Amino acid sequence: MWQMEDTTKDTITTISAFFLWGIFPIYWKALYHVPSTEILAHRVIWSLVFMLFLLSIQGRWKETKSIIFISQDIPRFLFTSVLLAVNWLTYIWAINTNQIVEVSLGYFINPLVNVCMGMIFLRERLYRWQVLSVMLAFIGVLFLTMQYGRVPWIAFTLAFSFGTYGLLRKTAKAGSMVGLLFETAILTPIALAYTITLGIQGSGAFFSIGLHTDVLLTGAGLVTAIPLLLFAHGARRIQYSTVGFLQYIAPTGQLLVGVFLYKELFTSTHAISFGFVWMAIIIYSISSLLSYKKQLNL
C-alpha cells in the first residue's frame, strides 16, 4: 500500500513537470516586448543563481566538485551548453513570434529523433514497429514541408538540438541539476557581458521598462529549474515506459496553448501532418510498453 502511494505521488510529480513545460509558453509570451536574446541571457544568469542557491541548500558541493575532476565531462559540457543555448533561444523566439504550434511539433517528434540517434550512435536495435513509427513521423513532416513550401526548421532545430543534448548528457557522470549548473556557468560570462552592454547602451529591458518585466526576467531561473526538479525527483522512481507516455503532455499543452489561447492557425495541413506524427507516437509508445513488459517477464 505504501509503495503504491509513493508510486502515485511520483507519477503526479512527473506529470506536474510535463504540465508546466506545456503551459510555460504563457510565461515567455508575457515577455514578448523583450528581445529573445536578452530573455535568453537573463534565463542563463538567473538559472545559474537559482542552481547555486539550490545546491547550497542541498549540500551537494562534494558531488559538484567531483565532476570537475572527470576530464571527459568538461568538453562535453562545453558542447551541451551551446546546444542548450540554441534550443532555448529558438524556443523563446518562436513563442514570441507566434509559432507555438511548430514548437509543439518539434517536441512531438523529439522522442522519435532520440530513437534514431540511439540507433545511429548507441547501436540500439529498432523493432519493426519502431521503424514504422519513425517512417510515419517522417511522412508527416514531409507532408507539412511540401504543403508549406518550406522546411519546418523551428521544429527540426528544437528536436535535434534537444535530442543531441540528451544523447551527450546520457553519457555524462553529472546529474541533471549539477549538469545544468555547469552549463549555465559556462554561458553566464557571455550572458552577463551582453546584458551589461545593453545596460550601458540604454537599450536593455532590465531596470528600464518596469517592475513587471524585471520580475519576469528574474523569475526565468525559477521557471527553468522547477519542472526540472520535479522531473528529476519523479521520473527516476517510476517505470521508464510510464515516463515515455507522460512526456507527450508537454507538446500537447503547447499545442493547445498556441491554438486556443493565442489563436494560432491550425489548418487541415497541420491536422494531417500532426495526425501522422500522433499515429507514430501511439505505435512507438505501445511497442515500447510491450517490449518493457516482455523484458520484465524474462
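Residues numbered from 1 in each chain as written. Predicted model: local features only at pLDDT ≥ 70, side-chain atom pairs only at ≥ 80, totals over all residues. Heavy atoms only, no water.

## Points about the overall build of the protein
The helix and strand tally for the protein stands at 14 helices and zero strands. Ordering the α and β elements of the protein from the N terminus gives α-α-α-α-α-α-α-α-α-α-α-α-α-α. The principal-axis extents of the C-alpha atoms in the protein amount to approximately 60 × 50 × 40 Å. Burial analysis of the protein (298 residues in total) assigns 49% to the buried set. Once local pairs closer than 6 in sequence are excluded, the contacts in the protein between residues at least 24 apart make up 86%. About 15500 Å² of surface is accessible on the protein, with carbon and sulfur atoms providing 71% of the total. Averaging the positions of the 19 positive and the 11 negative side-chain charges in the protein gives two centres separated by 9 Å. (Helix = DSSP H or I, 4+ residues; strand = E, 2+ residues; numbered from the N terminus. Buried < 20%, exposed > 50% of the residue type's maximum accessible area, 1.4 Å probe, protein only. Contact = heavy atoms within 4.5 Å. Areas by Shrake-Rupley, 256 points an atom, 1.4 Å probe, with all protein chains shown as cover. Lys, Arg positive; Asp, Glu negative; His and termini not counted. Charge placed at Lys NZ, Arg CZ, Asp CG, Glu CD.)

## Observations regarding the pattern of salt bridges
Across all of its chains, the model carries two salt bridges by this definition. The residue Glu-102 makes a salt bridge to Arg-150 at a minimum N-O spacing of 3.0 Å. Taken together, the residues span a long stretch of sequence, with Glu-102 in helix H6 (residues 100-121) and Arg-150 in the loop between helix H7 (128-148) and helix H8 (153-170) at a distance of 48 residues. Exposure remark for Glu-102: the relative accessible area of 10% places this residue in the buried category. (Salt bridge = Lys/Arg side-chain N within 4 Å of Asp/Glu carboxyl O.)

## Comments concerning H8
The terminal C-alpha atoms of H8 lie 25 Å apart, and with 18 residues this matches the ideal 26 Å at 1.5 Å per residue to within 8%. Contacts made by the buried residues of H8 are with helix H5 (73-96), H6 and helix H9 (176-201). (Expected span 1.5 Å × (residues − 1).)

## Some thoughts on the nonpolar core
Counting 26 residues, the largest nonpolar core has Val-44, Met-51, Ile-67, Trp-88, Val-178 and Leu-180 as its most contacted members. Among the secondary structure elements, those contributing two or more residues to this core are helix H3 (36-58), H5, H9 and helix H11 (220-235). Grouped together as the second largest cluster of nonpolar side chains are 25 residues, Val-101, Leu-144, Ala-155 and Ile-281 included. (Core = buried A, V, L, I, M, F, W, Y, C linked by side-chain atoms within 4.5 Å.)

## Here we look at the environment of Phe-245
As for its placement among the helices and strands, Phe-245 is situated in helix H12 (residues 240-246). Residue Phe-245 is classed as partly exposed on the basis of its relative accessible area, which comes to 37%. Those residues in contact with Phe-245 that lie beyond four places of it in its chain are Ser-285, Ile-286 and Leu-289.

## Looking at the confidence of the model for the protein
Across the protein, the average pLDDT comes to 86, with 91% of residues at or above 70. At the low end of the mean pLDDT range in the protein sits H12, at 68; at the high end sits helix H2 (residues 25-29), at 96. pLDDT under 50 marks residues 1-5. Its contacts with residues more than four places away, or in other chains, come to zero contacts. (pLDDT = per-residue confidence, 0-100.)

## Some thoughts on the environment of Thr-145
For Thr-145, the location among the structural elements is in helix H7. For Thr-145, a relative accessible area of 18% puts it in the buried group. The sequence separation of Thr-145 and Thr-269 amounts to 124 residues, and the corresponding C-alpha distance is 9.8 Å. Residues within four places of Thr-145 in sequence aside, it is in contact with Arg-150, Val-151 and Pro-152.

## A short note on the packing of H6 against helix H13 (residues 249-261)
Direction vectors running N to C along H6 and H13 enclose 170°, while the axes themselves pass 8 Å from each other. Taken together, the axis directions place H6 and H13 in an arrangement best described as roughly antiparallel. Considering the relative orientation of H6 and H13, their crossing is left-handed. The residues of H13 that touch H6, namely those facing Ile-100, Val-101, Val-103, Ser-104, Tyr-107 and Phe-108, are Pro-251, Thr-252, Gln-254, Leu-255, Gly-258 and Val-259. Classifying every residue of the contact of H6 with H13 by side-chain character gives eight nonpolar, four polar and no charged. (Axes fitted to C-alpha atoms, helices over the stretch in contact; angles between N-to-C directions. Parallel < 35°, antiparallel > 145°, perpendicular 65-115°, else oblique. Left-handed = near helix turned anticlockwise from the far one by under 90°. Nonpolar A, V, L, I, M, F, W, Y, C, P; charged D, E, K, R; others polar.)

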